[in-house]
Amino acid sequence: MSVILVTGSYDHEIRFWEAWSGICSRTISRSGEAGQVNRLAISPDKRLLAAAIHKKVYIYETASSSSTPLTSLDAHTMNVTAVSFHSEGKWLVTGSEDGTIRIWDLRCAQVHRTYDNGAPVNDVCVHPNQGELISCDQAGCIKQWDLSENLCSHELTPAGDVPIRSVSLASDGSCLVAGNNKGKCYVWKINEEKSDLPRYQAVTKFSAHKKYITRVLLSPDVKYLATCSADTTVKIWSISENYEFRQEKVLQGHQRWVWDCAFSADSAYLVTASSDHTARLWEMASGETVRQYNGHHKAAVCCALHDGPG
């Protein structure tokens, strides 16, 4: 299982794919169960898949062929919109339309901590230092939550009350990117807490798409930003050392909204999921589709890829 590639859909199915052949190797078919698959995350050790399905999060074994989850996490009262693993894989972070962010202890499948965000949460990511979370919400706020202090330590509102759809943190903790419902991207340089500079220093903003941004994602090598949009495209932006973002490529091929994307560990490939029922694997160097994954019967809205060391 050196490459794990998974997609989730409004058809209620989760599919595992052989990345290079395009063959679907496993389907978790949840027959008779309601609830669309909203988000997917693979644990750092590649052993577990967390699937946000309506109000619950289901934990599956990646190496199993069973459609029965190991456990389910049940406390949110509305759609779970964000899910990510803490680096050690013992903790899971979730965000929901119910306005809360929850940290779960996977060893006992219990809520360890709840943060009240006060507005529907659209995305959450874990800072590489593993001590902070960054969330964004429907009210237009981006917040830093301190895991040791148990509080919101910073708040950003770059565009008033325009909903922030997605946030991405650089793997080295150097910068934060956010995308909003009007197609705009905002970028902050992250300074050390100990320095005299602001923790989040606004460095640039730019219009990436004319329609909704659904996902922003920085590449693992922090050289590129991918922006997915309702305009059916994914745009690839190069990032200079002084945070100038230049459009490098437009990935064209999907027929409808592109909802989600995931980079390969070496930043050379990108997987995307679209309302056109398909997922695609793109080669970054050429901007071309190298594989298409066909099998979902409705919109493919989330994807996860883990091809790095487990």
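The shown structure was predicted, so the numbers you read here are calculated from the model rather than taken from an experiment.

> Can you help me understand the overall build of the protein chain in this one?
Within the protein chain, the regular secondary structure consists of zero helices and 28 strands. On C-alpha atoms alone, the protein chain measures out to a radius of gyration of 18 Å, which is about the 19 Å that the 2.2 N^0.38 rule sets for 310 residues. C-alpha atoms of the protein chain, sized along the principal axes, occupy 55 × 45 × 35 Å. A buried classification covers 57% of the 310 residues belonging to the protein chain. Taking contacts inside the protein chain between residues at least 6 apart in sequence as the whole, the part at least 24 apart equals 44%. Element-wise, carbon and sulfur atoms account for 46% of the exposed surface of the protein chain, whose accessible area totals about 12,900 Å².

> I would appreciate a short explanation of the pairing of strand 13 (residues 132-137) in the present structure.
In regular strands, side chains alternate between the two faces of the sheet. Burial within strand 13 is extensive, with six of its six residues counted as buried. Of the two faces of strand 13, the one carrying Glu132, Ile134 and Cys136 and the one carrying Leu133, Ser135 and Asp137 are both buried. Where strand 12 (residues 121-126) lies against strand 13, five bridges are found, and the strand directions are antiparallel. Bridge pairing in strand 13 links Cys125 to Ile134. Connecting the antiparallel pair strand 12 and strand 13 is a turn made up of five residues, with Gln130 showing a positive phi of about 65°. As paired strands, strand 13 and strand 14 (residues 142-146) are joined by five bridges and run antiparallel to one another. From the neighbouring strand, Cys136 faces strand 14, where its bridge partner is Ile142.

> Please clarify how the layout of surface pockets should be interpreted in this entry.
Vacant regions in the atomic arrangement are exposed by a probe of water-molecule size rolled over the atoms. Of the pockets and cavities examined, the largest pocket occupies roughly 1,300 Å³. Together, 42 residues line the largest pocket, and Ile42, Ser84, Phe85, Leu217 and Leu305 are the ones closest to its centre. Secondary-structure elements contributing two or more residues to the lining of the largest pocket are strand 4 (37-42), strand 8 (80-85), strand 12, strand 16 (164-169), strand 20 (213-218), strand 24 (258-263) and strand 28 (300-306). Classifying every residue of the lining of the largest pocket gives 25 nonpolar, twelve polar and five charged.

> For this particular structure, what's the right way to read the packing of aromatic side chains?
Two aromatic rings, taken as a pair, are described by how far apart their centres are and by the angle between their planes. Under the counting rule described, the total for this entry stands at nine aromatic pairs. Centre to centre, the rings of Tyr115 and Trp145 are 5.0 Å apart; their planes meet at 40°, and the pair counts as tilted. You can see Tyr115 sitting in strand 11 (residues 110-116) and its partner Trp145 sitting in strand 14, a full 30 residues away along the chain. Taken individually, Tyr115 and Trp145 each receive the classification buried, so the pair is uniform in this respect.

> Sorry if this is basic, but what is going on with the pairing of strand 6 (residues 56-61) here?
For strand 5 (residues 48-53) and strand 6, the ladder comprises six bridges, and the chain directions are antiparallel. Bridged to Ile53 within strand 6 is Lys56. By the bridge criterion, four bridges tie strand 6 to strand 7 (residues 71-74) in an arrangement that is antiparallel. Note on strand 7: the bridge partner recorded for Ile59 is Thr71.

Cut-off values and rules
Residues numbered from 1 in each chain as written. Predicted model: local features only at pLDDT ≥ 70, side-chain atom pairs only at ≥ 80, totals over all residues. Heavy atoms only, no water. Helix = DSSP H or I, 4+ residues; strand = E, 2+ residues; numbered from the N terminus. Rg over C-alpha atoms; globule rule 2.2 N^0.38 Å. Buried < 20%, exposed > 50% of the residue type's maximum accessible area, 1.4 Å probe, protein only. Contact = heavy atoms within 4.5 Å. Areas by Shrake-Rupley, 256 points an atom, 1.4 Å probe, with all protein chains shown as cover. Pairing = 2+ DSSP bridges. 1 Å grid on protein atoms, 1.4 Å probe; cavity = no way out; pocket = protein on both sides within 12 Å on 5 of 7 lines; lining within 4 Å. Points joined across faces, edges and corners; volume = space filled by probe spheres on them. Nonpolar A, V, L, I, M, F, W, Y, C, P; charged D, E, K, R; others polar. Phe/Tyr/Trp six-rings, centres within 6.5 Å; stacked < 30°, edge-to-face > 60°.

Note that all results are geometric; they support no functional claim without further evidence.
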